[in-house]
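Tertiary structure, described
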Amino acid sequence: MNTYKSIEGGVCAAKGFKASGIYCGIKENPTQKNDIAMVVSDVMCNAAGVYTQNKVKGAPVIVTKDNLKRSGGKAQAVIVNSKNANTCNADGEDKAREMCVLTANALGIKPEEVIVASTGVIGQILPIEPIRKAVPVLAEKLSYDGNIEAATAIMTTDTIKKEYAVEFDIGGVKCTVGGMAKGSGMIHPNMATTLNFITTDCNISSEMVQKALSEIVKITYNCLSIDGDQSTNDTCVLMANGLAGNAEISSEGGDFDIFKDALYQVMANLTRMLAKDGEGATKLLTCVCSGAPDLDTAIIVAKSVIGSSLFKCAMFGSDANWGRILCAIGYADADFDINKTDVDLASAKGRIAVCRNGSGVEFSEDEAKVILTEDEIEIYIDLNIGNASATAWGCDLTYDYVKINGDYRS
């Protein structure tokens, strides 16, 4: 059985990846964090992406999709800014393409080999002059230890940087997958939810890179909900430079499964971090749906509960109002018998049954309160009609969420 060792380094953990991040002036003042970042591989990568399904798409999403199409699924660099989403602007695509040209010129590569992303306020013109000045500086500052500066640069209302990496073996060769993510609000399925940049030195073909990313997005980022709002700029990209030196993974099989498991470790942990850092959140909520007839049903039910505003409010108040869970299960768009459904609530303080066979059972409200006062809560749902299971992640809904979003632009 393969083992996956968590290591430091984030997006720079894999061999041959450098990063940098600086403050260039898109944010109002430099004490707010860096606001632009660059990630570069020493060699060309097989690259894949998954993007927002919102009909309104940020200009960087449109340009990145086109770049990967024109390059045949190849990329060598990422340029990304925060504070401004470059969305719903007449000049948005022109500026996103200019960001690619600036980066390409600084690195000596082609513009279509650059992935571009932006995050922040929608509908405000992106100031390009600070970016023109910043790109040569970013290129000069690139470092194999630059992951922290880059992870900080993509933060908006995030309170902590989010990065994770693992080592694993394929055919006796050590490989690494690492990544960084940003996101705190406007997070809801479906798609990759937020901005996510994953790197690996594993040798894997373009086709299998895309297949792995799409399959793991489905059971990680697509199972994350903070507030029910789907961003216009959601992007998740995976870049594989092959520098680990393993035999190329070009088809399904044991090596591909090992790679997918490693990718899951990174993306699931990033998803968990995103959920815990939801805007105004005080509690991480993890919903596990088991006993489902198939994976899709398990996902739909778990996501339905995590997306319920009423349930999220109850968790903020440490209120074991389990009827809200049953309600959310009941309007999930899937086929199952609610009269066979069991529900438990749990945390580090214990686990308590609140529903059996679709009906309430007697339990101690005081004991439930103690369990729900913890900052990490688990909801266990058993449909009792199959063997499939899935997990969804979210957070409670608090007063601070309203305060943060009431003056987001100021």
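Okay, so let's go over this structure. (Residues numbered from 1 in each chain as written. Predicted model: local features only at pLDDT ≥ 70, side-chain atom pairs only at ≥ 80, totals over all residues. Heavy atoms only, no water.)

1. Things to note about the overall build of the protein
Looking only at helices and strands, the protein features 11 helices and 16 strands. Taken over the C-alpha trace, the protein has a radius of gyration of 21 Å; the compact-globule value for 410 residues is 22 Å, and the two agree within 12%. Counting only C-alpha atoms, the protein reaches 70 × 55 × 35 Å along its principal axes. Counting across all 410 residues of the protein, residues that qualify as buried make up 56%. Pairs at least 24 apart in sequence give 81% of the contacts found in the protein among residues at least 6 apart. Carbon and sulfur atoms make up 48% of the accessible area of the protein, which totals about 16,000 Å². (Helix = DSSP H or I, 4+ residues; strand = E, 2+ residues; numbered from the N terminus. Rg over C-alpha atoms; globule rule 2.2 N^0.38 Å. Buried < 20%, exposed > 50% of the residue type's maximum accessible area, 1.4 Å probe, protein only. Contact = heavy atoms within 4.5 Å. Areas by Shrake-Rupley, 256 points an atom, 1.4 Å probe, with all protein chains shown as cover.)

2. Regarding the pattern of salt bridges
On inspection of all chains with the given rule, the structure shows 20 salt bridges. Between K18 and D42 there is a salt bridge, with its nearest N and O atoms 3.7 Å apart. Residue K18 is located in strand β2 (residues 17-22), and its partner D42 is located in strand β3 (residues 36-51); the two are separated by 24 residues in the primary sequence. As a salt-bridge pair, E163 and K161 come within 3.1 Å of each other at their nearest N and O atoms. Judged by its relative accessible area of 34%, K161 falls in the partly exposed class. Members of the salt-bridge network, linked through shared partners, are K211, E215, E252 and K260. (Salt bridge = Lys/Arg side-chain N within 4 Å of Asp/Glu carboxyl O.)

3. Side note on the pairing of β2
With five of its six residues buried, β2 lies for the most part within the structure. Looking at chain direction, β2 and β3 are connected through six bridges and run antiparallel. Directly across from S20, in β3, lies its bridge partner M38. (Pairing = 2+ DSSP bridges.)

4. A word on the nonpolar core
Counting residues in each nonpolar core, the largest one holds 74 residues, and the members touching the most others are I198, F259 and I381. It is helix α6 (residues 254-276) that contributes the most residues to this core, 10 residues altogether. Setting aside its immediate chain neighbours within four residues, I198 contacts V177, G178, G179, Y221, C236, V237, L238, M239, L263, V266, M267 and L270. Of all hydrophobic cores here, the second largest spans 26 residues; its members include F17, A19, C45 and V237. (Core = buried A, V, L, I, M, F, W, Y, C linked by side-chain atoms within 4.5 Å.)

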